[in-house]
Every structure is written in structure tokens, then in C-alpha cells.
Amino acid sequence: MGMTDHPERNKVADAVHAIQERMQAACRRSGRDPAQVRLLAVSKQQPADRVQAAVAAGHRFFGENRVQEARDKMALVSGDGVQWHLIGPLQRNKARLAASLFQMIHSVDSLALAQQLSACRSVDGATPPSPLPVLMQVNIGLEPQKQGVAPEEAPALARAMAALPGIALRGLMAIPPQTATAAAARPYFRALAALARKIEGQNIPDLSMQELSMGMSHDFEIAIEEGATWVRVGSALFGER
Ligand SMILES: *Cc1c(COP(=O)(O)O)cnc(C)c1O
């Protein structure tokens with residue numbers, strides 16, 4: 001694409017590397033293996049050429065919060081092994097499209113939605129596709145306006161989701177309440193990690209709680225210290241939206 005030495009490309013590459021260095025430092029501080037923590041570059045409201053610049057810099061994982069916008073952008077971005085994850089609310093009537101576009105859905109917050117995704121992935125065709133990895137979104141701060149299941153409902157929903165064909169529940173996701181400092185978010189991250197361990201302890205068949213999607217631009221280092229396996233970073237990478 002003739003993008004060599006393009007200033008925009010260099011800027012995005014520098015930002016990706018800077019975030020990765022901060023992630024590695026957080027892993028060192030907390031005794032975690034850096035290979036267990038991945039950066040999901042949140043590309044919502046960012047133009048496709050900026051995403052392509054991140055791909056050119058070697059980045060592969062992108063997060064979008066709207067199905068249509070993601071579909072349009074995917075058509076403009078190319079690269080081997082590029083993965084798109086849905087991190088925003090999903091309406092049931094877009095479940096089929098989402099199930100065909102995304103490699104992981106972080107925002108499953110009801111049994112009805114999980115059943116819809118399951119049905120999309122499991123019916124037609126003789127050889128079923130590999131199950132779609134999904135995360136359960138938990139409203140960890142019990143905020144009335146926020147998506148996600150209440151923590152006390154999460155174990156029962158996990159059990160029901162694990163029994164569905166076509167999807168594979170892999171862990172939990174949360175957007176904690178806005179806090180004045182990043183450190184103030186720590187108890188919420190800790191609570192999500194504890195909830196995952198509690199669900200894991202119930203020995204539900206076909207269920208793994210290996211993934212914790214938590215931490216954004218202002219608090220991803222704290223989230224890593226508390227066990228995040230995916231941090232979702234937008235503005236600190238691509239600039240303000
Ligand atoms: C926008 C968004 C992010 C990224 O937020 P930044 O503060 O820009 O890093 C992360 N997670 C979700 C669910 C989002 O909608």
C-alpha cells in the first residue's frame with residue numbers, strides 16, 4: 001500500500017509498542033507471564049487506515065463495539081491472522097451476523113442472547129463449525145445503567161451457557177464504575193477475578209474461566225495486576241475518539 005515511512009503508521013506503531021511495554025512492566029510487577037495477557041486494540045470510531053497501520057506494526061487483535069461499523073471496517077483491513085472481537089452490546093437480531101464476523105464476543109449478558117448465538121452456530125450444515133468463544137459480561141459495580149449480569153446471577157448463567165452447543169464460554173468481562181483514580185478500580189477487578197474462581201470451583205462441565213477481559217486505557221495496568229488476560233485499550237493507543 002506504499003505506507004512505508006508514513007507518519008501515521010509510525011505513530012500507531014510507536015503507540016502499540018509503548019502500551020506493550022507498560023503491559024510487560026505490569027506483568028513483571030505482579031509476577032505474571034506476559035504471554036498470558038493480550039492487548040485488544042479498541043478500534044471503534046477509528047478509521048480503517050489507522051487499524052491497517054496497527055496491523056503493519058504487527059498487531060492482530062481488534063475490538064469493536066458495533067456490528068455494522070465493524071463489518072464495514074473489516075472489509076477495508078487485511079492481514080494474516082487478524083482477529084476481531086465484539087465488546088459492545090449485541091441485539092439479538094444481529095446475533096447471526098455477529099457470530100459470522102467475530103472471533104470472540106466479550107459481551108454476552110443474557111441466556112436469550114447466548115441461545116441465539118448457539119442456534120446460529122450449531123444448526124445448519126453437516127460439519128458444525130468450531131464453537132464460538134464467548135465471555136459473560138458482568139455488571140461488577142451493580143450500576144443500574146450498565147450492561148451485564150449481576151454477580152450473584154453469574155454462576156447460574158454460566159452453567160446454562162456451558163450446556164449450549166456452538167458456543168464456548170471462556171471467562172468473564174467487566175467495565176467497572178468510573179473511578180477518580182485507576183487504583184480505585186482495583187477492588188472491582190479483584191471481585192471479577194474472584195467471581196471467575198468461584199464459578200470455576202463449581203466444576204461445571206465444558207466450562208473454562210481462563211479469560212478475564214478487564215482494564216481500559218486509564219487502568220489496564222491495575223487490571224493486569226489483578227489477573228486480566230485481555231486488556232481493551234482504545235484512546236491510549238489510537239488517540240481520542
Ligand atoms: C471503548 C471501550 C473500551 C476502550 O476504552 P478506552 O478508554 O478508549 O481505552 C474498552 N472496552 C469497551 C467495552 C469499550 O466500549
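Thresholds applied
- Residues numbered from 1 in each chain as written.
- Predicted model: local features only at pLDDT ≥ 70, side-chain atom pairs only at ≥ 80, totals over all residues.
- Heavy atoms only, no water.
- Helix = DSSP H or I, 4+ residues; strand = E, 2+ residues; numbered from the N terminus.
- Rg over C-alpha atoms; globule rule 2.2 N^0.38 Å.
- Contact = heavy atoms within 4.5 Å.
- Areas by Shrake-Rupley, 256 points an atom, 1.4 Å probe, with all protein chains shown as cover.
- Lys, Arg positive; Asp, Glu negative; His and termini not counted.
- Charge placed at Lys NZ, Arg CZ, Asp CG, Glu CD.
- Buried < 20%, exposed > 50% of the residue type's maximum accessible area, 1.4 Å probe, protein only.
- Pairing = 2+ DSSP bridges.
- Near = heavy atom within 4 Å.
- Polar contact = N/O pair within 3.5 Å; in protein donor to acceptor, adjacent residues only side chain to side chain.
- Arc of directions from axis to C-beta.
- Expected span 1.5 Å × (residues − 1).
- Phe/Tyr/Trp six-rings, centres within 6.5 Å; stacked < 30°, edge-to-face > 60°.
- Axes fitted to C-alpha atoms, helices over the stretch in contact; angles between N-to-C directions.
- Parallel < 35°, antiparallel > 145°, perpendicular 65-115°, else oblique.
- Left-handed = near helix turned anticlockwise from the far one by under 90°.
- Nonpolar A, V, L, I, M, F, W, Y, C, P; charged D, E, K, R; others polar.

Engineer: Can you explain the overall build of the protein chain? Please cite residues and give values.
Structural biologist: Regarding its fold elements, the protein chain presents nine helices and eight strands. Computed over C-alpha atoms, the radius of gyration of the protein chain comes to 18 Å, within 12% of the 18 Å expected from 2.2 N^0.38 for 241 residues, which places it in the range of a compact globule. Across its three principal axes, the protein chain shows a C-alpha extent of roughly 50 × 45 × 35 Å. Once local pairs closer than 6 in sequence are excluded, the contacts in the protein chain between residues at least 24 apart make up 61%. If you sum the accessible surface of the protein chain, you get close to 11,400 Å²; carbon and sulfur atoms cover 49% of it. Within the protein chain, the 23 negative side-chain charges are centred at a point lying 2 Å from the centre of the 26 positive side-chain charges.

Engineer: Describe in detail the pairing of strand E8 (residues 230-233), supporting the description with residues and values.
Structural biologist: By the alternation rule, side chains of E8 split into Trp230 and Arg232 and Val231 and Val233, which are all buried. In this sheet, E8 lies alongside strand E1 (residues 38-42) in parallel orientation, the contact comprising four bridges. Counted as the bridge partner of Leu39 is Val231 from E8.

Engineer: Tell me about the site of the ligand, and name the residues and values.
Structural biologist: By nearness alone, every residue bordering the ligand is listed as Val42, Lys44, Ile87, Ile175, Met216, Ser217, Arg232, Val233, Gly234, Ser235 and Arg241. Here Gly234 contributes a backbone N or O atom positioned 2.8 Å from an oxygen atom of the ligand. One nitrogen or oxygen atom from the side chain of Arg241 is found 2.8 Å from an oxygen atom belonging to the ligand. Summarising the interface, the protein chains cover 89% of the accessible area of the ligand, which totals 390 Å² for the free molecule.

Engineer: Quick one: what's the story with helix H3 (residues 67-74), residue by residue and with numbers?
Structural biologist: Buried within H3 we find Val67, Ala70, Lys73 and Met74. Each buried residue of H3 lies within a common arc of 130 degrees when the element is viewed along its axis, so the set occupies one face. On its buried face, H3 is in contact with helix H2 (48-56), strand E2 (61-64), strand E3 (83-86) and helix H4 (95-101).

Engineer: Requested: an account of helix H1 (residues 7-30), with residues and values cited.
Structural biologist: The end-to-end C-alpha distance of H1, which contains 24 residues, comes to 35 Å, matching closely the 34 Å that a straight helix rising 1.5 Å per residue would cover. Where H1 is concerned, the buried positions are Val12, Ala13, Ala15, Val16, Ile19, Met23, Ala26 and Cys27. Taken together, the buried residues of H1 touch E1, H2, helix H8 (220-225), E8 and helix H9 (235-238).

Engineer: Let's hear about the packing of aromatic side chains: which residues, and what values?
Structural biologist: Applying the stated criterion across every chain, the model contains two aromatic pairs. Judged by centre distance (5.1 Å) and plane angle (85 degrees), the rings of Phe61 and Trp230 are edge-to-face. Note that Phe61 is positioned in strand E2 and Trp230 in strand E8, a separation of 169 residues in sequence. With centroids separated by 5.6 Å and ring planes inclined at 40 degrees, the aromatic side chains of Phe62 and Trp84 adopt a geometry described as tilted. You can see Phe62 sitting in strand E2 and its partner Trp84 sitting in strand E3, a full 22 residues away along the chain. You'll find Phe62 and Trp84 in the same group, each marked buried.

Engineer: Outline the packing of H1 against H2, listing residues and values.
Structural biologist: Contact pair H1 / H2: the axes reach a minimum separation of 8 Å and the direction vectors enclose 60 degrees. Relative to H2, H1 is oriented oblique. The two elements H1 and H2 cross, and the hand of that crossing is right-handed. Residues Glu8, Arg9, Val12 and Val16 of H1 pack against Arg50, Ala53, Ala54 and Ala56 of H2. Residue composition of the contact of H1 with H2, grouped by class: five nonpolar, no polar and three charged.

Geometric descriptors of this kind do not, in isolation, establish any biological role.
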